[in-house]
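This is what each chain is made of:
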Amino acid sequence: MSSIRQLVIASRDYNGAVSEICAAFGSFVTFVDPELNSLGLRNALIPIGDSFFEVVSPIIEGTTAERYINKFGEGQVGREATGYMIEMQVSDIVDVEKRMTNVGARILMRPGRDAEDKSKPYEVTGDLNVPGLSGIHWHPKDIGVIMETAEHHPPEDWLYAGRAWKTDIRERMKVGLGFAGVTVAVNGDPIEMAMKWSRGLGRPIASSEPSTVILEDGGRVKFRRRRNEKEDGLVEVDVYSANSKETGREFRMCGILVRLVPKMGPSL
């Protein structure tokens, strides 16, 4: 398994970013993770089908998120926001670690959760948190964006969003059904970066798009060169449209470009 399950927006204005995403997708906040307070962040998880936008906002000075907003944030002063992180669900974290390390990606941290949803770092390769999750954050200087690969047990869970989302009767598919793909802006050669991800994740390159990696669920990770100094990392998101009449609509939201695309099966 390899799929885009969560996309992180960093914003100086927590309430503004949460409201903007909820309004754009007709969704709601399903979870606020107290574990992030220890990292100097406040967060909110907003479901889009069975995937999630996460908003993170710094609550103390000096966080990595604050520095990233200072450098790449878009919007009015005090309300700047930017794409920040991609979180991938995988079913073979041990093999992913081997492959990613072999292509030169460095590990930033090893987050994890135990059966009680408490923080339990994935410190020893192969010593998985079962039940729970075992994750690895990869260095953006090596792969173009902050990215996490995480294996969850059971796989139908996504513990970063808590547990209430699975039984919440509120509508979470009014506008979007999930993530179809992302675009990552990089300084270097987009084709070389795509090849690195392809080898690291064990997934093929699109036959007609040499800078695009095809994930197991049909999702795509596309790379292109940065167009200006304010672009970096996660800059565009394709969302499966819940309404065929909305397909093709584009809009800017929290510093990223969002496109609503038709739901299609996996293809190369």
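The preceding data block contains the structure.
Residues numbered from 1 in each chain as written. Predicted model: local features only at pLDDT ≥ 70, side-chain atom pairs only at ≥ 80, totals over all residues. Heavy atoms only, no water.

This paragraph deals with unusual backbone geometry. In this structure, P131 follows V130 across a cis peptide bond, with omega equal to -5 degrees. Counting through the fold element by element, P131 comes out in the loop between β6 (112-113) and β7 (132-138). Of note, the amide linkage connecting H153 to P154 takes the cis form, showing an omega dihedral of 0 degrees. By secondary structure assignment, the location of P154 is in the loop between β8 (146-153) and β9 (176-186). The backbone of D117 shows a phi angle near 65 degrees, a positive value even though the residue is not glycine. Here D117 shows up in the loop between β6 and β7. Judged by relative accessible area, D117 falls into the partly exposed class, the value being 25%. Although it is not a glycine, C254 adopts a positive phi angle of roughly 50 degrees. Note that C254 resides in the loop between β14 (250-253) and β15 (256-261). (Helix = DSSP H or I, 4+ residues; strand = E, 2+ residues; numbered from the N terminus. Buried < 20%, exposed > 50% of the residue type's maximum accessible area, 1.4 Å probe, protein only.)

Looking now at the pattern of salt bridges. Summed over all chains, the structure comprises 19 salt bridges. Note that E231 and R224 form a salt bridge whose closest N and O atoms lie 2.8 Å from each other. As far as burial versus exposure is concerned, E231 and R224 are alike and both buried. As a salt-bridge pair, E236 and R224 come within 3.2 Å of each other at their nearest N and O atoms. Placement of E236 in strand β13 (residues 233-241) and of R224 in strand β12 (residues 220-225) is noted, with a sequence separation of twelve residues between them. For the pair formed by E236 and R224, the shared burial category is buried. (Salt bridge = Lys/Arg side-chain N within 4 Å of Asp/Glu carboxyl O.)

Let us look at the packing of aromatic side chains. Counted according to the given criterion, the structure contains eight aromatic pairs. Here F25 and F53 contribute two aromatic rings whose centre-to-centre distance is 5.6 Å and whose plane-to-plane angle is 40 degrees, an arrangement assigned as tilted. Here F53 lies in strand β3 (residues 51-58) and F25 lies in helix α1 (residues 14-25), a separation of 28 residues in the sequence. Given the relative accessible area of 1%, F25 is considered buried. Ring geometry for Y68 and Y84: centres 5.3 Å apart, planes at 70 degrees, overall edge-to-face. Here Y84 lies in strand β4 (residues 81-90) and Y68 lies in helix α2 (residues 64-72), a separation of 16 residues in the sequence. The same class applies to Y68 and to Y84, which are both buried. Taken together, the ring pairs in this structure connect F25, F53, F179 and F251 into an aromatic cluster. In this structure, R110 packs its charged tip against the face of Y122, placed 5.5 Å from the ring centre. (Phe/Tyr/Trp six-rings, centres within 6.5 Å; stacked < 30°, edge-to-face > 60°. Lys NZ or Arg CZ within 6 Å of the ring centre and 35° of its normal.)

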